[in-house]
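# Remarks on the overall topology
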Amino acid sequence: MKGTLSNVPIAKELDIVGARQTGRNIANDLGFSSVDQARIATAISELARNIYLYAKKGEITFQQVEGVAPVGLKIIAKDNGPGIKDISKSMIDGYSTSGGLGAGLPGVKRLMDDFDIMSSDEGTTIHVIKWLR
Amino acid sequence: MRIPILKLHEYLLISVQVDLDDQTAMQFQEDLLSKIHESGATGVVLDLTSVDIIDSFIAKVLGDVVSMADLMGAKVVFTGIQPAVSMTLIDIGIHLQDVPTALDLEQGLIKLRRELEEK
Amino acid sequence: MEKRLKNIILEHSDEIIKKWLEKLDQSKIAEYGETISQESIEQTNREFVNVIFSNIESDGGTDDLHEFSEKIVNLGWPLGYLTEGMQAFRSVTIKVILEDIGETNSNDEFLSIMEGVNDWVDPIKNRLINEYSHNWTNIVSLQKVALQELSAPLIPVMEGITVMPLVGTIDTDRAKLIMENLLNGVIKNHAEVVLIDITGVPVVDTMVAHHIIQAAEAVRLVGSQCILVGIRPEIAQTIVNLGIDLRNFPTKSSLQKGFRTALEMTGAKVVSESESEGDEIENILNSIEKE
Ligand SMILES: Nc1ncnc2c1ncn2[C@@H]1O[C@H](COP(=O)(O)OP(=O)(O)OP(=O)(O)O)[C@@H](O)[C@H]1O
Ligand SMILES: [Mg+2]
């Protein structure tokens, strides 16, 4: 039941679309509603784009997990890029180092149920989970 | 990939039928602005019925195109945003406050006409 | 040892049951008698002790534990009924065993009897507690679903205008559900205007207001408009005192007033300008065919 369902490398812009489509299909298979599928796909899009923009390459991993609900979808976005200089600032709405809306990370946090971020100058790993209700 | 832009009298109609990737969105921004320029269109209806993801990047590109078109004298109305997309946008905190919206293409045209008359 | 105790218990089952029932009557459980008939208590007690014995005979693993705790949950009796019942059973049983064995002044023997009895009383007790809390959680979540189902109906009043009366307390889960209902309803009914009636919402705090504002914004994105109606004086006061900004969409004190505004928003268009608009669309459609 548990375990890694898929692994999508992010290296070029089009991989962002591939990652979110994979995520949407998995979410659909796990039984998430269409609204939650949109939330999950959008969160993946944000995480994958951040990898592409700020770390050039990395990967998105999908896992089925168990916890506060029997079924959850865990998404891990991992890269070996420069890391996030100021994590607490990056979580503020509107904070962007690239002229974006800066809605990405705080948005992902709101879209998903659990949000966990680790970043150093060796790279960034973000774990998010959406629970099936 | 390019999104087709239809011209009808002084209006431009666009119905987005593909999953918007970044490149397509940027290309569309460019195409629309040059189409406004060459046609002198005063109104644009952008129908998003078939779009099932708008993330913060695409939202920024689309929001920007509205402000840019405005500078060029064309009013843009978004139509057909799906409930799931709408809720997701609200969740990530994007409200597209300055963009007029309507339920569908027909309502969009009516809204455009009214907005243009008010001017 | 194990076997010997078990045999003693089974041999003396009638005596144990009798003493156990007596003990229960004396204890706190009798207090439920004020609201529940004596007959029903006696019947349930007998069922309880049967369940215990059938578990001893079969060394656990029967389904009746599950059924019995489900019954207790459905009756609305507290968990204490089960735990006190098992406690009483333990002390009665130990007494009966000691009487059967006769005088014993060996502490070791006494302890091993205690242990032996605990070894099978405790698992039964734990299973009852687990089943009870599991059943209870189930009931709570069922009730939640039931509540959600009746929570946010959408009423299409006339073409283009839909009303959504909100009743009861709004928490985050319900707010999400309301938003989903609302948006899907807007699309389904092709509603140009939605009246959200909060007459039945007892408290509007910042969280509730925040959810309502978000719903209204989401409604705007799909291409419709919200009017918030049913703002009672005390709610107007809290909204202003809390500094909540509702300026971005129209508010009205009553559904009637809101409906009039909604009519203006749609009606002015539909009635007085419908002809020219019909032409407009026709022109456009004609030209699509030509191109
Ligand atoms: N994987 C990453 N590696 C390095 N830095 C990152 C990474 N992800 C995010 N950041 C930093 O965190 C900041 C905030 O990210 P966030 O996604 O919230 O906003 P944005 O990407 O700038 O804009 P938007 O996502 O709205 O287009 C970014 O500007 C960037 O500096
Ligand atoms: Mg980003």
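Coordinates for the structure precede this section.
The structure contained in this document is the topic of the report that follows. Keep in mind the model is a prediction, meaning the values are calculated, not measured. (Residues numbered from 1 in each chain as written. Chains lettered and ligands numbered in written order. Predicted model: local features only at pLDDT ≥ 70, side-chain atom pairs only at ≥ 80, totals over all residues. Heavy atoms only, no water.)

Along the backbone of chain C there are 11 helices and five strands. Here chain C, with 291 residues, has 40% of them falling under the buried criterion. Considering only contacts within chain C whose residues lie at least 6 apart along the sequence, 76% involve residues at least 24 apart. Summing over all exposed atoms, chain C offers an accessible surface of approximately 15900 Å²; the carbon and sulfur share of this is 53%. (Helix = DSSP H or I, 4+ residues; strand = E, 2+ residues; numbered from the N terminus. Buried < 20%, exposed > 50% of the residue type's maximum accessible area, 1.4 Å probe, protein only. Contact = heavy atoms within 4.5 Å. Areas by Shrake-Rupley, 256 points an atom, 1.4 Å probe, with all protein chains shown as cover.)

This part is about unusual backbone geometry. Residue and element names in this part refer to chain B. In this structure, L96 is a non-glycine residue whose phi angle is positive, near 45 degrees. Structurally, the position occupied by L96 is in the loop between helix 3 (83-92) and strand 5 (101-102). Using a relative accessible area of 13% as the deciding quantity, one classes L96 as buried.

Our focus in this paragraph is the nonpolar core. Counting 103 residues, the largest nonpolar core has A:I60, A:I75, B:F78 and C:I198 as its most contacted members. At nine residues, helix 8 (residues 206-221) of chain C tops the list of elements feeding residues into this core. The next biggest cluster of nonpolar side chains, apart from the first, holds 35 residues, and it includes C:W20, C:I41, C:M86 and C:F89. (Core = buried A, V, L, I, M, F, W, Y, C linked by side-chain atoms within 4.5 Å.)

All names here are of chain C. Taken as a whole, this structure holds five aromatic pairs over all chains when the rule is applied. Taking the centre distance of 5.8 Å and the plane angle of 80 degrees together, the rings of F53 and F89 count as edge-to-face. With a gap of 36 residues between them, F53 in helix 3 (residues 38-57) and F89 in helix 5 (residues 79-101) connect regions that are remote in the sequence. Relative accessible area serves as the criterion here: at 5%, F53 is assigned to the buried category. Residue F89 is classed as buried on the basis of its relative accessible area of 0%. A connected cluster of aromatic rings, assembled from ring pairs, spans W20, F48, F68, W77 and Y81. (Phe/Tyr/Trp six-rings, centres within 6.5 Å; stacked < 30°, edge-to-face > 60°.)

If you look at the interface, chain A gives 26 residues, while chain B gives 20 residues. Carbon and sulfur atoms make up 54% of the area that chain A and chain B hide from each other, which totals about 1900 Å². It is A:R20, A:R49 and A:L101 that lose the most area in chain A upon contact with chain B, and together they represent 27% of the buried surface on that side. With a shortest N-O distance of 2.4 Å, B:D22 and A:R49 are connected by a salt bridge. Summed over the shared surface of chain A and chain B, the number is 12 residue pairs in polar contact (both at pLDDT 80 or more). Ranked by the residues each element gives to the side of chain A that touches chain B, the list is headed by helix 2 (residues 34-55) of chain A, at nine residues. Class assignment for the residues of the side of chain A that touches chain B results in 10 nonpolar, eight polar and eight charged. (Buried area = accessible area lost by both parts, 1.4 Å probe. Salt bridge = Lys/Arg side-chain N within 4 Å of Asp/Glu carboxyl O. Polar contact = N/O pair within 3.5 Å; in protein donor to acceptor, adjacent residues only side chain to side chain. Nonpolar A, V, L, I, M, F, W, Y, C, P; charged D, E, K, R; others polar.)

So, about the sheet that holds strand 5 (residues 251-252) of chain C. All names here are of chain C. The strand order across the open sheet built from five strands is 1-2-3-4-5, with neighbouring strands paired in mixed fashion. Of all strands in the sheet, those with a lone pairing partner are strand 1 (155-158) and strand 5, marking the two edges. Note that strand 3 (residues 193-200) and strand 4 (residues 225-229) share five bridges and pair parallel. For D197, the partnering residue across the bridge sits in strand 4 and is V229. In the packing of helix 7 (residues 172-189) onto the sheet, contacts are made with strand 1, strand 2 (161-167) and strand 3, and the angle to strand 2 comes to roughly 165 degrees. (Pairing = 2+ DSSP bridges. Axes fitted to C-alpha atoms, helices over the stretch in contact; angles between N-to-C directions.)

Before going further, it helps to examine the site of ligand 1. Taken together, 20 residues lie near ligand 1, and A:N50, A:Y54, A:S96, A:T97 and A:G102 sit nearest. Neighbouring residues of ligand 1 are distributed over chains A and B. Taking A:A103, its main chain carries an N or O atom lying 2.9 Å from an oxygen atom of ligand 1. Within the backbone of A:L105, a nitrogen or oxygen atom sits 2.8 Å from an oxygen atom of ligand 1. (Near = heavy atom within 4 Å.)

Time to look at the pattern of salt bridges. Following the criterion strictly, the structure yields 23 salt bridges over all chains and no others. Across the pair C:D122 and C:R90 runs a salt bridge whose closest N-O atoms are separated by 3.5 Å. Placement of the pair is C:D122 in helix 6 (residues 107-149) and C:R90 in helix 5, with a sequence separation of 32 residues. A salt bridge links C:R247 to C:D245; the shortest N-O distance between them is 2.9 Å. Taking relative accessible area as the criterion, C:D245 reaches 42% and is therefore assigned partly exposed. Among the charged side chains, a salt-bridge network with shared partners connects A:D36, A:R39, A:D113, A:K130, A:R133 and B:D91.

This part takes up the interface of chain C and chain B. At the junction of the two partners, chain C supplies 29 residues and chain B supplies 27 residues. Between chain C and chain B, a total of about 2600 Å² is buried, with carbon and sulfur atoms accounting for 59% of that surface. Put simply, chain C and chain B have nine residue pairs in polar contact (both at pLDDT 80 or more) between them. Within the residue set of the side of chain C that touches chain B, elements represented by two or more residues are helix 7, helix 8 and helix 11 (274-290) of chain C. For the side of chain C that touches chain B, the element with the most residues is helix 11 of chain C, which contributes eight residues.

As a further point, take a nonpolar patch on the surface. Residues and elements named next belong to chain C. Judged by side-chain polarity, I155, V157, M158 and L263 come together as a nonpolar surface patch covering roughly 310 Å² of accessible area. No other element matches the three residues that strand 1 contributes to the nonpolar patch. If you trace the backbone, L263 turns up in helix 10 (residues 255-272). (Patch = residues over 30% accessible without salt bridge, like charges linked within 9 Å, V, L, I, M, F, W, Y side chains within 5 Å.)

Take the pairing of strand 1 of chain C next. As defined by bridge partners, strand 1 of chain C adjoins strand 2 of chain C across three bridges and the pair is classed as antiparallel. Following the sheet pairing, C:P156 is matched in strand 2 of chain C by C:T162.

Note that every value here comes from positions in space, so none of it alone points to a role or purpose.
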